[in-house]
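# Architecture at a glance
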Number of protein chains: 2
Amino acid sequence: MQIALAQLNYIIGDVEGNTSKIIGEIHKAKATKVDIVVFSELAICGYPPKDLLDYPSFIERCEVGLALICAETDGIAVIVGGPAWSNLQKGKKLYNSAFFCADKKLLRRIDKTLLPTYDIFDEYRYFQPNEVFECVEYKGERIAVTVCEDLWNLDDEKLYKVTPMDELIGQKPSVMINLSGSPYSYNHVEKRRTRMQLNAKTYGIPLFYVNQVGGNTDILFDGGSMFINRMGEIAEECEFYKEDFKVIKWDSSNIYEDNHQDYYDYDIGLIHDALVMGVRDYFAKVGFKKAVIGSSGGIDSAVVHAIAAEALGAENVKAITMPSKYSSMGSVDDAKKLAENLGSPFSNIAIKNVFDSFIDTLAEEFEGKNPNVTEENLQARSRGIILMAYSNKFGNMVLNTSNKSESAVGYSTLYGDMCGGLSVIGDLYKEQVYDLARFINRYGEVIPYEIITKEPSAELRPDQKDSDSLPPYPILDKILFHYIEGKKGWKEIVALQEEGLTEDLVRKIVRMVDRNEYKRFQASPTLRISHKAFGFGRRMPIVARYNN
Amino acid sequence: MQIALAQLNYIIGDVEGNTSKIIGEIHKAKATKVDIVVFSELAICGYPPKDLLDYPSFIERCEVGLALICAETDGIAVIVGGPAWSNLQKGKKLYNSAFFCADKKLLRRIDKTLLPTYDIFDEYRYFQPNEVFECVEYKGERIAVTVCEDLWNLDDEKLYKVTPMDELIGQKPSVMINLSGSPYSYNHVEKRRTRMQLNAKTYGIPLFYVNQVGGNTDILFDGGSMFINRMGEIAEECEFYKEDFKVIKWDSSNIYEDNHQDYYDYDIGLIHDALVMGVRDYFAKVGFKKAVIGSSGGIDSAVVHAIAAEALGAENVKAITMPSKYSSMGSVDDAKKLAENLGSPFSNIAIKNVFDSFIDTLAEEFEGKNPNVTEENLQARSRGIILMAYSNKFGNMVLNTSNKSESAVGYSTLYGDMCGGLSVIGDLYKEQVYDLARFINRYGEVIPYEIITKEPSAELRPDQKDSDSLPPYPILDKILFHYIEGKKGWKEIVALQEEGLTEDLVRKIVRMVDRNEYKRFQASPTLRISHKAFGFGRRMPIVARYNN
């Protein structure tokens, strides 16, 4: 039997486009005598469809898509994901389903049992969980079909009371097929492989696993679809961050050999690729070609510039440096050198006149008041406006250059440096930004070494350094990681007794994170590369009192 | 038996503060010989606590709060809501529980069965549903205690397979007690009353129903706790938008008499009160006293100004009008007259110099390009920056003045008129804003009549009118309502054959709504008064292709 893994990049909501794409792959599969071609979870509508599922007319369009797909299944079986009406008197109106079509008929609909509802996942918002377990018979094989999360309730991490494969294994299936929509976050690749291998080992049968690929705004799908043999070895693995189509010869009487190789040695390389795909797909799917970046000569904008250049082509990334009287000459030179290294268009637009004009305009109103953060923010906001004006005039999307450390503690200006249509490194702590800069320079200088070695500064007042207001980044990032990813309260963080993590400092930082929820609420979408990014996956109250 | 309804305004996360407040009411209840005092859902931690529930240390603090409350229950019973560890091997780690404490002991923990996971609700994200049903015996009465949604799965709208009261009624309880966290949206008051009355009628026993009150950022809780007798009549009802404490004498052998009166004749009055509470509570809970508003002389900023003046005191609301060369003289006069009518401080800060300075600064970069939306946005953003500078300098929070119609179609400028810490009327369609203006003027002119009668204009280019770019608001609002609240696709809206709703227009408007998801993503929190507000309750993909 030949089974094909069809790992595609879908556009959310574009039911007609996704359907044509799926049908194209079915034709390809037929041409290579495939018996079963498998697509990923909710492929017909794109994943995650979010509240589009609330529109009955949208579900109807998915039904039309399924009918068109089904009509193409003469002489081949297709397993594809999509939403289905539950037709229940009680309960949610929809299922998250895998449709098993063959010979132009819908042979069986398999509904998802375990509905992830945590972090970025919201599936219980839309779907009713399945309660019926039955394998599908096809060409002499008994197949246990499941959808994504259904294979994750194993081992010590049981988030659900039911484990679908425990229900199905009694029917003696010869193989498992799983349709997934499993997003990337660093370390998640290994976690996913291990968990899927554990399934094959636990139930003693092989597993065909199909994931989607592509960036959907903030959520990045990395692909890595695979065939795992009954010993739990990864025998085949699809490409990462690219569409792929792999045909696997499989016979339930044989044990397939392992020819798997690891993808990357360095995790930072995976992060790099994820960000490049995220930028490329966001622009492609929104219909933009060009970006514009405020290039300060600092590390953050440099890394974003390099990533954007790789994703969009350096000539499509306009860099604008906007010095004020507090900018060092070095900063302007470094920004310029970076643009030259990459080959991007570059402009120098001084903000002095605009800034002075704001000061003049507000002089009467501000009479007798001393300069404070107001004047710093005016600089950041003048820059934001100039970038947005450039964007409006030339159609380049502004890329935001904030990192996770500053976003966490609110070391950023709303409507100023927080401007932008997409935040590229907003889920990377400052230390990770440096790692990424070194990775970008792995074959030689792309980002000028001066940018990597100089001390971080916002340059909004004379001789300002980040370290005036913040602890050194290695200390700051450690506290933030314990608090955000680690979900530890300040007392628990102090109790770790790690170097530099004094009670005063930890409490101060944790409070800064809480107090700046209101700023992050208005931040741009942020490419997600950790398992706890700011944005859709972390929902903290804005008005609240805690961590006292 | 005397039962007290304790309707309080909690601060999310402030476990210690909420606990003291609860204990204070327990003392009050003891003084009036109350047998059982009832608090609302998740009162100890404040509702909705969102991802604070992910922090084990936070749950521990709630446990301490419960212990302190329990210690105060000598001679009285207390029913109070809070999170509880599930201690399950499989499943979610927490329950959403009602704790029944008496004589310094926890007599029983009742866990919530039905976990709303739709619109703004996310409870399946955190909680495991209850599966055990048992009444509580206290002082000779058998009491069916449930939590909020548990009483909503009645009649034709069954979102769940289980209905907790169907499970409990066989034990022959003499009374129902429900702990709620039920937010306001227009018409929801009637819906809630009707649903609760239906419970009393269906099961033939009275119901004590306790809701919380207060604004928690965008979500507004209106209170309206009540006692419903066994005939389904509302016999007592607590105040709306205020804390309240009502003691009800009740005897299971008697039928209580109805002395209920309707609260408001006009729905717009309820909306008005909701917004005033929302502004007041947001400021109080964040710790701000003063607001600043960009006062254009148009209807939107006028209504926001009037609401803010009522919530914070007119003297605490600074109005700044920022004319450009396209502003009519009438606009400045109207804005000034409004400030005089209300008694608010007022400034006129022309943006000409700032605007010219941007144009000069960008002249070289923009050479050979014609004026377009860039220059319009530059005006809106110059105003935004001036408001933010005022906010930074004087500590007034900027109130956003966008309405739902313009936010829906993207008739607004990111980082310009979309600035602000809180959107006051962002969930009101333009027609509702006019209704609200007339309501504000119900006793005489507060908002100058000129503002209500003149044609809406953004005044960003010569003789601009909203109707140049948009259909008349009554038509626009109708389409938006069908699409957003009604969840109808464009074909279904056209099929309604309502006057003015041509296919071309409906498709155009619906596409505008979709295309501007990216703007709304960066909007400020918006006071929610409809059952489908933009923000947390409506989660649409940004990158998507639909409604083709």
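Scroll up for the structure.
In this report, the structure presented in the accompanying data block is examined.

About the thresholds
Residues numbered from 1 in each chain as written. Chains lettered and ligands numbered in written order. Predicted model: local features only at pLDDT ≥ 70, side-chain atom pairs only at ≥ 80, totals over all residues. Heavy atoms only, no water. Pairing = 2+ DSSP bridges. Helix = DSSP H or I, 4+ residues; strand = E, 2+ residues; numbered from the N terminus. Axes fitted to C-alpha atoms, helices over the stretch in contact; angles between N-to-C directions. Contact = heavy atoms within 4.5 Å. Least-squares fit on C-alpha atoms with pLDDT ≥ 70 in both. Buried area = accessible area lost by both parts, 1.4 Å probe. Salt bridge = Lys/Arg side-chain N within 4 Å of Asp/Glu carboxyl O. Polar contact = N/O pair within 3.5 Å; in protein donor to acceptor, adjacent residues only side chain to side chain. Phe/Tyr/Trp six-rings, centres within 6.5 Å; stacked < 30°, edge-to-face > 60°. Buried < 20%, exposed > 50% of the residue type's maximum accessible area, 1.4 Å probe, protein only. Lys NZ or Arg CZ within 6 Å of the ring centre and 35° of its normal.

Further remarks concern the sheet that holds strand E6 (residues 136-138) of chain A. Residue and element names in this part refer to chain A. In space, the six strands of this open sheet follow the order E6-E7-E8-E9-E12-E13, with mixed pairing throughout. A strand with exactly one partner marks an edge of an open sheet, and here the two such strands are E6 and strand E13 (234-237). Taking each pair of neighbouring strands and ignoring which way they run, the sheet shows an average axis angle of 20°. Alignment of strand E12 (residues 226-228) against E13, held across three bridges, turns out to be antiparallel. Pairing of Ile228 across the sheet is with Ile234, part of E13. Packed onto the sheet, helix H4 (residues 188-203) meets strand E8 (175-179), strand E9 (207-210), E12 and E13 and runs at close to 35° relative to E12.

Another aspect to go through is the environment of B:Asn377. Relative to the helices and strands, B:Asn377 is located in helix H9 (residues 373-394). Taking the C-alpha atoms as reference points, B:Asn377 and B:Glu237, 140 residues apart in sequence, are found 49 Å from one another. Not counting the four nearest positions on each side in its chain, B:Asn377 is found in contact with A:Asn392 and B:Thr413.

The next point concerns the relation of the copies chain A and chain B. With an RMSD of 0.0 Å, the operation that places chain A on chain B is a rotation of 180° combined with a shift of 0.0 Å along the axis. One copy is carried onto the other by what is essentially a two-fold rotation axis. Across chain A, the rotation axis passes nearest the C-alpha of A:Gln522, at a separation of 2.2 Å. Of the interface residues in chain A, 100% have counterparts in chain B that sit at the interface too, so the contact is made through matching surfaces.

Between chain A and chain B, the contact holds 97 residues from the first and 98 residues from the second. Here chain A meets chain B over a buried area of about 8700 Å², counting both sides, of which 59% is carbon and sulfur. Looking only at chain A, the three residues that lose the most surface to chain B are A:Tyr55, A:Lys393 and A:Val543, adding up to 9% of its buried area. Joining chain A to chain B, the criterion identifies 10 salt bridges. We note a salt bridge from A:Lys393 to B:Glu375, for which the minimum N-O separation is 2.8 Å. The interface formed by chain A and chain B holds 44 residue pairs in polar contact (both at pLDDT 80 or more) in total. At the level of elements, helix H2 (56-70), helix H5 (267-286), helix H8 (352-362), helix H9 (373-394) and helix H14 (473-484) of chain A are the ones that each hand at least two residues to the side of chain A that touches chain B.

A word on the packing of aromatic side chains. For the structure shown, the criterion picks out 25 aromatic pairs over all chains. Measuring from ring centre to ring centre gives 6.4 Å for B:Phe283 and B:Phe288, while their planes differ by 90°; the resulting arrangement is edge-to-face. Classification of B:Phe283 as buried rests on a relative accessible area of 1%. Grouped by ring-pair contacts, the aromatic residues A:Phe208, A:Phe227 and A:Trp250 constitute a single cluster. Geometry around A:Phe439 places A:Arg442 over its ring, the cationic atom sitting 3.9 Å from the centre. Stacked on the ring of B:Trp490, the Lys or Arg B:Arg507 has its end atom at 4.1 Å from the ring centre.

Here the focus is the side chain of B:Asn400. Residues and elements named next belong to chain B. With respect to the helices, strands and loops of the structure, Asn400 is situated in strand E18 (residues 397-400). At a separation of 3.0 Å, a polar atom in the side chain of Asn400 contacts the main-chain carbonyl oxygen of Asp417. Those residues within four positions of Asn400 in sequence are excluded, and the remaining contacts are Val304, Asp417, Met418, Cys419, Gly420, Leu422, Ser423, Val424 and Ser524.

With that out of the way, let us pick up the pairing of strand E5 (residues 105-111) of chain B. Residue and element names in this part refer to chain B. Looking at chain direction, strand E4 (residues 94-102) and E5 are connected through six bridges and run antiparallel. Paired with Phe99 across the bridge in E5 is Arg109. Hairpin connection from E4 to E5: two residues lie between these consecutive antiparallel strands, with Asp103 at a positive phi of about 50°.

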